[in-house]
Amino acid sequence: MRMKEISFRNSEEKIGIGKIVCVGRNYAKHAAELGNEVPKFPIIFIKPSSTVIFSGESVVHPDYSDDLHHEVELVILIGKDVKDADNISAEDAIYGYGVGLDMTLRDLQNQFKDKGEPWTLAKVFDTAAVLSNFVKKEEYNSELNEKIWLKVNGEIKQSSSLNNMVFNPVEIIKFISKRMTLEKGDLIMTGTPEGVSRVVPGDSIEAGIENIGELKTNIIHKNN
Ligand code: MG
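Computed from a predicted structure; not experimentally measured. (Residues numbered from 1 in each chain as written. Predicted model: local features only at pLDDT ≥ 70, side-chain atom pairs only at ≥ 80, totals over all residues. Heavy atoms only, no water.)

Asker: How do you make sense of the coordination of the magnesium ion when you look at a structure like this?
Answerer: Under ideal tetrahedral coordination, the four donors around a metal are separated by 109.5 degrees; under ideal octahedral coordination, the six donors are separated by 90 or 180 degrees. Protein coordination of the magnesium ion is provided by Glu-71 (OE), Glu-73 (OE) and Asp-102 (OD), with donor distances spanning 2.0 to 2.1 Å. Along the chain, the residues donating to the magnesium ion fall in the pattern E-x1-E-x28-D. Note on Glu-71: relative accessible area 4%, which makes it buried. (Donors = N, O, S within 2.8 Å, 3.2 Å for Na, K, Ca; no water. Buried < 20%, exposed > 50% of the residue type's maximum accessible area, 1.4 Å probe, protein only.)

As structure tokens, then:
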């Protein structure tokens, strides 16, 4: 097994990726566009690190879905083990920030939601998590008002600001770490703004967060 590692802007340091904890419905307009209410508590699911690819690599479209969606998200890198975090230890656990795509099989997700079954297989497939390089918090500490955007084939699809997040990173870390220990190398994908849409093989995606990073990928068929 090859350990997947986070790389940083302006640093040679590498950090191995642990679990990836994802937050659902963390922007009100995205919850609304999928017909969901804004949750009272963060909705949590997990992607394994085996799903990760990096900017410049390709997303392989599963052949058992016909509705692959992009979701651009702020990603938090945890730099130290943290359990039952308070405001100070939650902030202190943030080592850096990056940009990620939470690639989602929306047709499967809707089927699972209708049946009350877990979303896992709508969110977990090889290449389902696309990551940028990260910036260390000591180099740039997000003010949580940066622009977040995504383009498909050069056309803007998602455009929002991090200040539209329902739960901010400290609140999310406090919530998660009360339920499972967060460890150095774990990532938190903090949810996507409105504008998610279907992509198909041949499409290219560019995405970014102001001052934090950018990534690009393209969608390919399984047998390419
Ligand atoms: Mg998401």
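Structure shown, so let's carry the discussion forward.
Asker: What's the story with the pattern of salt bridges in this structure? I'm lost.
Answerer: As a working rule, side chains carrying opposite charge can pair if their charged atoms are close by. Considering all chains together, one arrives at 12 salt bridges under this definition. Close ionic contact of Lys-137 with Glu-91 constitutes a salt bridge, the shortest N to O distance being 3.1 Å. Note that Lys-137 is positioned in the loop between β12 (135-136) and β13 (147-152) and Glu-91 in helix α2 (residues 87-93), a separation of 46 residues in sequence. Each of Lys-47, Glu-71, Asp-102, Arg-106 and Lys-123 takes part in a single network of salt bridges with overlapping partners. (Salt bridge = Lys/Arg side-chain N within 4 Å of Asp/Glu carboxyl O. Helix = DSSP H or I, 4+ residues; strand = E, 2+ residues; numbered from the N terminus.)

Asker: Whenever I open this one, unusual backbone geometry confuses me. Can you help?
Answerer: Even without glycine at this site, Asn-10 takes up a positive phi of about 60 degrees. Inspection of the secondary structure assignment puts Asn-10 in the loop between β1 (5-8) and β2 (11-16). By relative accessible area, Asn-10 is classed as exposed at 65%. Phi at Asn-211 is positive, roughly 70 degrees, even though this residue is not glycine. You can see Asn-211 is positioned in the loop between β17 (204-209) and β18 (213-220).

Asker: Explain the sheet that holds strand β7 (residues 68-69) here, please?
Answerer: Backbone hydrogen bonds are what pair the strands of a sheet, in a parallel or an antiparallel way. Read from one edge to the other, the open sheet built from 3 strands follows the order β10-β7-β16, with strand pairing classed as antiparallel. Edge positions in the sheet fall to β10 (104-105) and β16 (198-199), since each has one partner strand and no second. (Pairing = 2+ DSSP bridges.)

Asker: Explain the sheet that holds β17 to me, please; I cannot follow it from the model alone.
Answerer: Pairing is mixed in the open sheet, where 5 strands are placed in the order β6-β18-β17-β13-β14. Two strands bound the open sheet, and with one partner strand each, they are β6 (58-60) and β14 (155-161). Here the average twist between neighbouring strands, direction ignored, is 20 degrees. Inspection of the sheet shows β13 paired to β17 by 5 bridges, in the antiparallel sense. The partner of Lys-151 across the bridge, within β17, is Glu-206. (Axes fitted to C-alpha atoms, helices over the stretch in contact; angles between N-to-C directions.)

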